[in-house]
Amino acid sequence: MGWREEIATALDEWIAAEGGTGGKPRWRRLGRAIRTGDGLYIVDVRGTEPNPDRLDALRLAGAEQGSISQGFPVMDVSQSESTLTVRVAEFADPADPHLWSMQQPPTFLVDALKEGLASLGSAPLGDMLAHRKPGGELSRTRPPAGLFPPQETAYQACLGTGVWLVWGPPGTGKTMVLKKAIGDLIAAGKRVLLVSATNIAVDNALLGVLDERRHPHGAIVRVGPPQLRKVAENADVSLPLLVRARLTATDDKRRDLSARLVVIRNRLRRLGELATALAGFDAARFAQDEIFLGAPQHRPQRCEAAVALHRTRLDSLTDALAAAKGKRDEASAAHAAMDPDRRLWAQVDELGAEAARVDQAATQAEAAALEAALATAEAQRLMNDLEARSGLARLRAKRPLAAARQSHDAAMERELHLAERAASARDVADRRRADLVRQAEVLADSATHSRAELQEAEHRFTTASGEERRLTDMHRTETAALRRAEELAERVRQAQARVAEAQRHGWPAMHAEAEKLRPHADRDAAEAKTLEKRYREVQEEYERLERDAQGEIIDSALLVATTLARFRSNRRVFAGSYDVVLIDEASAATLPEVLLAVARAQTAAVLFGDFMQLGAVIPPKCVFEKIV
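Report follows, based on the coordinates. For clarity, every value in this text was computed on a predicted model and none was experimentally measured. Every chain's residues receive numbers from 1 upward, in the order its sequence appears when written. Only residues with pLDDT of at least 70 get local features here, since the model is predicted, and only at 80 or more are side-chain atom pairs given and counted; chain-wide, interface and lining totals rely on the full set of residues. Hydrogens and waters are ignored; side-chain quantities use all the structure's heavy atoms.

1. Here we look at the overall build of the chain
In DSSP terms, a helix is any run of H or I states spanning at least four residues, a strand is any run of E spanning at least two, and both are numbered starting from the N terminus. Scanning the chain for helices and strands turns up 20 helices and 14 strands. Based on the C-alpha atoms only, the size of the chain along its principal axes is roughly 205 × 65 × 50 Å. Partly exposed describes any residue whose relative accessible area lies between the buried limit of under 20% and the exposed limit of over 50%, with all areas from a 1.4 Å probe on protein chains only and scaled to the type maximum. The 628 residues of the chain split such that 40% are buried. The contact definition used throughout considers only heavy atoms, calling two residues in contact when any of these lie within 4.5 Å. Taking all contacts inside the chain whose residues are at least 6 apart in sequence as the whole, residues at least 24 apart take part in 77%. Element-wise, carbon and sulfur atoms account for 53% of the exposed surface of the chain, whose accessible area totals about 34200 Å². Working definition of accessibility: Shrake-Rupley area with a 1.4 Å probe, residue cover restricted to the visible protein chains.

2. What about the environment of Ala429?
Within the secondary structure, Ala429 sits in helix α14 (residues 398-446). Ala429 sits in the buried class, given a relative accessible area of 2%. Not counting residues up to four positions away in its chain, the partners in contact with Ala429 are Val358, Asp359 and Ala362.

3. Here we look at the pairing of strand β7 (residues 98-103)
With five of six residues buried, β7 is to be regarded as a mostly interior element. The rule for pairing is simple: two strands pair if DSSP sees at least two bridges between them. Bridge count for strand β3 (residues 58-61) against β7 is four bridges, and the pairing is antiparallel. Bridge pairing links Leu60 to Leu99 in β7.

4. Focus: the sheet that holds strand β6 (residues 83-87)
Read across the sheet, seven strands follow the order β4-β3-β7-β1-β2-β6-β5 without closing on themselves; strand pairing throughout is antiparallel. Looking at which strands have only one partner, the edges of the open sheet turn out to be β4 (72-73) and β5 (76-80). Relative to β6, β5 runs antiparallel, the two being bridged by five bridges. Residue pairing in the sheet places Asp76 in a bridge with Arg87 of β6.

5. Re the sheet that holds strand β9 (residues 161-167)
The strand order β8-β9-β14-β13-β10-β12-β11 describes an open sheet built from seven strands, whose pairing is mixed. Looking along the sheet, the strands with just one partner apiece sit at the ends: β8 (135-137) and β11 (220-222). Direction aside, the axes of adjacent strands within the sheet are offset by 20° on average. Orientation is described by axes fitted as lines to C-alpha atoms, over the contacting stretch for helices, and by angles from 0 to 180 degrees between their N-to-C directions. Where helix α5 (residues 174-187) meets the sheet, its contacts fall on β10 (192-196), β11, β12 (559-563), β13 (578-584) and β14 (601-609), and the angle it forms with β13 comes to roughly 170°.

6. Considerations on the environment of Pro150
On the secondary structure map, Pro150 appears in helix α4 (residues 149-159). In the structure, Pro150 is positioned 122 residues away from Arg28 in sequence and 47 Å away in space, judged by C-alpha atoms.

7. Focus on unusual backbone geometry
Negative phi is the rule for most residues except glycine; trans is the rule for most peptide bonds. Even without a glycine there, the phi angle at Arg132 is positive, about 60°. With respect to the helices and strands, the residue Arg132 is situated in the loop between α3 (124-130) and β8. Positive phi, normally seen in glycine, also occurs at Glu585, with a value near 50°. Residue placement: Glu585 occurs in the loop between β13 and α19 (591-599). When its relative accessible area of 30% is taken as the criterion, Glu585 is described as partly exposed.

8. Notes on the nonpolar core
What makes a nonpolar core is a set of buried Ala, Val, Leu, Ile, Met, Phe, Trp, Tyr and Cys residues whose side-chain atoms join them at distances within 4.5 Å. In this structure, Val560, Ile583 and Val598 are the most contacted members of the largest nonpolar core, which totals 45 residues. Contact partners of Val598, with chain neighbours within four places excluded, come to Leu125, Gly126, Leu129, Val163, Ile583, Ala605 and Leu607. Within the second largest apolar cluster, 32 residues are counted, among which are Leu206, Ala561, Val606 and Phe608.

9. Side note on helix α1 (residues 3-17)
Residue count minus one, scaled by 1.5 Å, sets the expected span of a helix. End to end, α1 covers 21 Å across 15 residues, agreeing with the expected 21 Å (1.5 Å per residue, within 8%). The set of residues buried in α1 consists of Trp3, Ile7, Ala10, Leu11, Trp14 and Ile15. Angularly, the buried residues of α1 cover 145° about the axis, an arc narrow enough to put them on a single face. After α1 finishes, the residue Gly19 shows a positive phi value of roughly 105°. Here the arc refers to the set of directions running from the helix axis out to each C-beta atom.

10. Focus on the packing of helix α15 (residues 451-505) against helix α16 (residues 507-556)
Packed helices, taken two at a time, are described by the angle between their axes plus the distance between the axes. The interhelical angle for the contact between α15 and α16, taken along N-to-C directions, is 65°, at an axis separation of 5 Å. One element, α15, and the other, α16, form an angle in the roughly perpendicular class. Contacts between α15 and α16 involve Glu501, Ala502, Gln503 and His505 on the former and, on the latter, Trp507, Pro508 and Met510. Partitioning the contact of α15 with α16 into residue classes produces four nonpolar, two polar and one charged. Throughout this description, any angle smaller than 35 degrees is read as roughly parallel, any larger than 145 degrees as roughly antiparallel, any in the 65 to 115 degree range as roughly perpendicular, and the remainder as oblique. The classification used treats Ala, Val, Leu, Ile, Met, Phe, Trp, Tyr, Cys and Pro as nonpolar, Asp, Glu, Lys and Arg as charged, and all other residues, Gly among them, as polar.

11. Remarks on the pattern of salt bridges
Take a side-chain nitrogen of Lys or Arg and a carboxyl oxygen of Asp or Glu: if they are within 4 Å of each other, that pair is a salt bridge. Inspection of every chain in the model, using the stated rule, returns 48 salt bridges. In this structure, Arg229 and Glu233 form a salt bridge, with 3.6 Å as the shortest nitrogen-oxygen distance. Pair check on accessibility: Arg229 and Glu233 agree, each one exposed. Between Arg254 and Asp251 there is a salt bridge whose closest N-O contact spans 2.7 Å. Residue Arg254 and its partner Asp251 are located together in helix α9 (residues 248-277), separated by three residues, close to a single helical turn. Among the residues examined, Arg254 registers a relative accessible area of 4% and is labelled buried. One salt-bridge network, in which partners are shared between bridges, spans Glu354, Arg432, Asp435 and Arg438.

So, in structure tokens, the structure goes:
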């Protein structure tokens, strides 16, 4: 069994230990994304441990998997320890943003390793390493100045032929040897593959070459997400930046659409922020408050002065009313104290009234007697007139004369009766009146107060009661006026407080800004949908052209720097022809991936490492352990 078959068996054992093949890629949420700028987000990936060599298919979307289809593809990614920095479209702003990764099956890289080994043709350098027969011919090129003898040997190995193992513990100058050797290899037109087990090791080795600045534009390409910002932002080596420079026209279209969407999104976002900030702001009430406070009669000082004036008046009226009530109570007490005398004088008045009634009755009887006397006199005159007639007239008046005599007699009789009755009534009235006068005099003599004094007390009581009623009405009116003044002052204070709070929060200016933005909201939303659709079309076009551009850039580069994992998973990198393969930190890599890389070298393969450092992580109880 050859070394390739032996490794294939070991890899099958590894795949079985990982659960076998057949798994499908699936989306995995790496963590919450925090916006740091337009299109820039950082993600803390502690706990998820994403493989940097599997960070190709990344999307920024919401927290739920259903949002991925409407998410935004990541255009650039760089890693610094446990933090990923990603760049998406500038207008991207999903709710509750999270970073999602298309997670390959656990055996993806092992499968790629197995497929790569199976695709190898003749690999003499790989055979030398597999058979533990490293060696070859050192270059006769004079090493650059400043190297120690062991470093010179390592440098000449890089420019020589064969397979070489360089033991380089930390601090022995491996990076310096690599940058010198790579610079001279590129200058000689050699194509070099620089690989390592980790991104940071690749960047550290590459950084020295970049600092030398001996390479032309496009001669070096860094494939995969750099971990050092200096490498990630170097437009001469970063593959995404090289692609973007080549696809300027398409990228400009993408940037233009993105910029327009950013403007629209900013307007819509700002309108949303304003709506949230203005949730408790009543613009109509604010306008009413300003108009209300603008009226002269609603000036705070004037309202407070009115309240003070009404309070002063009310205090004066309260004192005056208390005094009036005191006077009324005093007059009422004096008035009540005279009630017995008042009752006596009322009896005196009643006796006087009775005397007047008795006198009136006698007077009426006398008037009736007088009327009867007048009737008798009239009857006598008529009778005398008839008796004075003579002759025929006397004869004719005979009967009327008899009637007149009869009426005279009746009148006389009635006169005598009424005169007798009047005399009797007068006699009774005089006696009764004299008796009533005596009773009244007795009662009047027993009274403590005179009629004048009673009238004076009545006058004082009436006056005091009237004054109390007048002041009570004034007090009630002034109380109502004070209440209205206080209510107005309170309305002014509340309006002032609302206006002050609104101005302190800047709500009026925000409302004015929102009113300017609101008419454009519907149009912006419709335009955003159109622009987003167009952006996706341009993005798809960019990604299609990007794949071709990446291949062309990788193929034309003299130095391809990447990890061992990405070397075998990137078909364009793996398919390339390399004069020299340089492997840094080889002790941290597995033997199959080292063999695969060495097998792609045409002239020389040099492995730098320190066997005293930790080795590669492999599944326990695996045949691969024996191979290692």
